[in-house]
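# Coordinates in review
As a plain string of letters, each chain reads:
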Amino acid sequence: MSVAPSAWARRNATPVALLGLLAAACGSTDQPCSAGFGSTTSLGVASAPIATVVADFNHDGRPDLAVAQNGSNTVSILLGTGPGAFTTAGTVAVGQQPFALTAADFDGDGNLDLAVANHGSGDVTILLGDGNGGFVQGTPVTVLANPVGIVAGDWDRDGHVDLAVANLQGYKISILIGDGAGGFAPAVNIDGGPSPGGIITTDFNLDGIADLAIPNSSSVVSILLGHGDGTFAVRKESQTGSSPYALAPGDFNRDGKPDLAVADFGGNDISILIGNGDGTMVAPVPYSAGTSPYSIAVGDFNGDGFLDAAVANFASNNISVFHGKGDGKFGDALTLAAGRAPSSINAADINADGRADLIVTNLTSNDLSLYLTGDTCSTP
């Protein structure tokens, strides 16, 4: 493919039909050395994996994986068996074209559950966990057409987990208030800005109430400040790079105020937005990445105590790692090879060395790439 798809097209089409096969990109172990990653491994999964969540589903203290598979309308559960090792525990049917997922305890039984936003069927599949890595379907929740992002939080501060879903239809965010037993009230739909993408939550104005942030195709990030009663203020816009698609929060300059790292799909870069602590952001600082950066994660990859950022570059079959300097600034990108069409990236310590590793979901090579930190390679 010579021209990357627009963010609008990417959010409105079935991923496999839109992209076809991209050029293969093989894993590498020499480049990860310079980035502080000691080894790279690959895990095969089902058709068109598009998003992954990391959590402990069976209470053994090891991170597990849930993978949404757009091509087979399923979610696969991979249980951790040791540092950086996983085994497939089962596959669960969900709605049509699952696109995003999140983990939380929706029914209050102490076990993690899953909520899966289904792009094709316009609903959310609730999967209730049994605490052993197994899941059963709960009552599905209807949202608007073409949901592309989902996040969990307690929007009304009643102690029950709620959901927020970003939909392409009407550019709306569906607010789903949980009843604490695995059910949700009918959606209340609020303005999410033009062509919303991956939605996140954090407390942007430091009032103790969860807020929402959504990237928009108009090259802005929308901040929706929570009132604490399940409603949100009119969105505030902060400028970012071209056609942002994904966000990751963090305190990059260590001032106690939330900042944002943004994957700018249309600009082939990431933007760092430093927060003012009131729901607004200063002008973005761009850093060059690969082609069509689509998902972004934050963690301390080199063990220096400063937050770093990593982005999955959808059209160049690689990831870019940016080491943070602790003052809100980042170094130039270090490039690591990935599979074909990397569509999501997560940061978590999966090899138990106290440093964040990376899990990358590759859409058209039907696998996951695991980048493990370790002592075999050192950061220069």
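These numbers were taken from a predicted model, which means no experiment stands behind them.

Below, the discussion takes up unusual backbone geometry. A positive phi angle is found at Gln97, which is not glycine, with a value near 55°. Along the chain, Gln97 turns up in the loop between β5 (85-93) and β6 (98-104). Even without a glycine there, the phi angle at Asn366 is positive, about 55°. Its relative accessible area of 30% is what places Asn366 among the partly exposed residues.

Take the sheet that holds strand β13 (residues 172-176) next. Pairing is antiparallel across the open sheet formed by four strands, whose spatial order is β11-β12-β13-β14. Because the sheet does not close on itself, it has two edges, and the strands there are β11 (147-153) and β14 (188-191). On average, each strand axis in the sheet is inclined to that of its neighbour by 25°, with strand direction left out of account.

Our focus in this paragraph is the pairing of strand β25 (residues 318-322). Counting buried positions over the five residues of β25 gives five, a clear majority of the element. Of the two faces of β25, the one carrying Asn318, Ser320 and Phe322 and the one carrying Ile319 and Val321 are both buried. Here strand β24 (residues 308-313) runs beside β25; their pairing, made up of five bridges, is antiparallel. Bridge pairing in β25 places Ala309 opposite Phe322. In sequence, β24 turns back onto β25 through a hairpin of four residues, with Asn317 there showing a positive phi of about 60°. Strand direction decides the pairing type here: β25 and strand β26 (residues 334-337), joined by four bridges, are antiparallel. Looking at β26, one finds that Val321 is bridged to Leu334.

Here we come to the sheet that holds strand β3 (residues 64-69). Across the sheet, which stays open at both edges, the four strands sit in the order β2-β3-β4-β5 with antiparallel pairing between neighbours. What marks the edges here is a single partner per strand, and that holds for β2 (49-55) and β5. Direction aside, the axes of adjacent strands within the sheet are offset by 20° on average. Pairing of β2 with β3, which is carried by six bridges, proceeds in the antiparallel orientation. Its bridge partner lying in β3, Ala55 is registered against Asp64.

Mapped onto the secondary structure, Thr102 falls in strand β6. With near-sequence residues (within four places) excluded, Thr102 lies in contact with Asp113, Leu114, Ala115, Ile150, Val151, Ala152 and Leu163.

Attention now moves to the confidence of the model for the chain. In the predicted model, the chain carries a mean pLDDT of 90, and 88% of its residues have values of at least 70. Per-residue pLDDT stays below 50 along residues 1-35; that stretch engages in 85 contacts with residues further than four places along the chain or on separate chains. Within the model, the stretch residues 375-380 combines pLDDT values under 50 with 10 contacts to residues more than four positions away or in other chains.

With respect to the element layout, Ala89 can be found in strand β5. Sequence-wise, Ala89 and Asn132 are 43 residues apart; in three dimensions their C-alpha atoms are separated by 9.6 Å. In this view, Ala89 contacts Ile77 and Leu79; residues no more than four positions away in its chain are not counted.

The next subject is the pattern of salt bridges. As enumerated under the stated definition, the model contains two salt bridges in all. Between Arg235 and Asp191 there is a salt bridge; the shortest N-O distance is 2.8 Å. With Arg235 in the loop between β17 (220-224) and β18 (236-239) and Asp191 in strand β14, this pair connects stretches of sequence that are 44 residues apart. Put simply, Arg235 and Glu237 hold a salt bridge, and the shortest N to O gap is 2.7 Å. Judged by its relative accessible area of 49%, Glu237 falls in the partly exposed class. Linked through salt bridges whose partners overlap, the residues forming this network are Asp191, Arg235 and Glu237.

A few words on the packing of aromatic side chains. Considering all chains together, one arrives at nine aromatic pairs under this definition. Seen in terms of ring centroids, Phe106 and Phe184 are 5.6 Å apart; in terms of plane orientation they differ by 75°. Their pairing is edge-to-face. Of the two residues, Phe106 sits in the loop between β6 and β7 (113-118) while Phe184 sits in the loop between β13 and β14, which places them 78 residues apart along the sequence. For Phe184, a relative accessible area of 16% corresponds to the buried category. Arranged with centres 6.0 Å apart and planes meeting at 70°, the rings of Trp155 and Phe232 form a pair that is edge-to-face. Of the two residues, Trp155 is situated in the loop between β11 and β12 (162-167) and Phe232 in the loop between β17 and β18; the sequence distance between them amounts to 77 residues. Relative accessible area serves as the criterion here: at 1%, Trp155 is assigned to the buried category.

The rules behind the values
- Residues numbered from 1 in each chain as written.
- Predicted model: local features only at pLDDT ≥ 70, side-chain atom pairs only at ≥ 80, totals over all residues.
- Heavy atoms only, no water.
- Helix = DSSP H or I, 4+ residues; strand = E, 2+ residues; numbered from the N terminus.
- Buried < 20%, exposed > 50% of the residue type's maximum accessible area, 1.4 Å probe, protein only.
- Pairing = 2+ DSSP bridges.
- Axes fitted to C-alpha atoms, helices over the stretch in contact; angles between N-to-C directions.
- Contact = heavy atoms within 4.5 Å.
- pLDDT = per-residue confidence, 0-100.
- Salt bridge = Lys/Arg side-chain N within 4 Å of Asp/Glu carboxyl O.
- Phe/Tyr/Trp six-rings, centres within 6.5 Å; stacked < 30°, edge-to-face > 60°.

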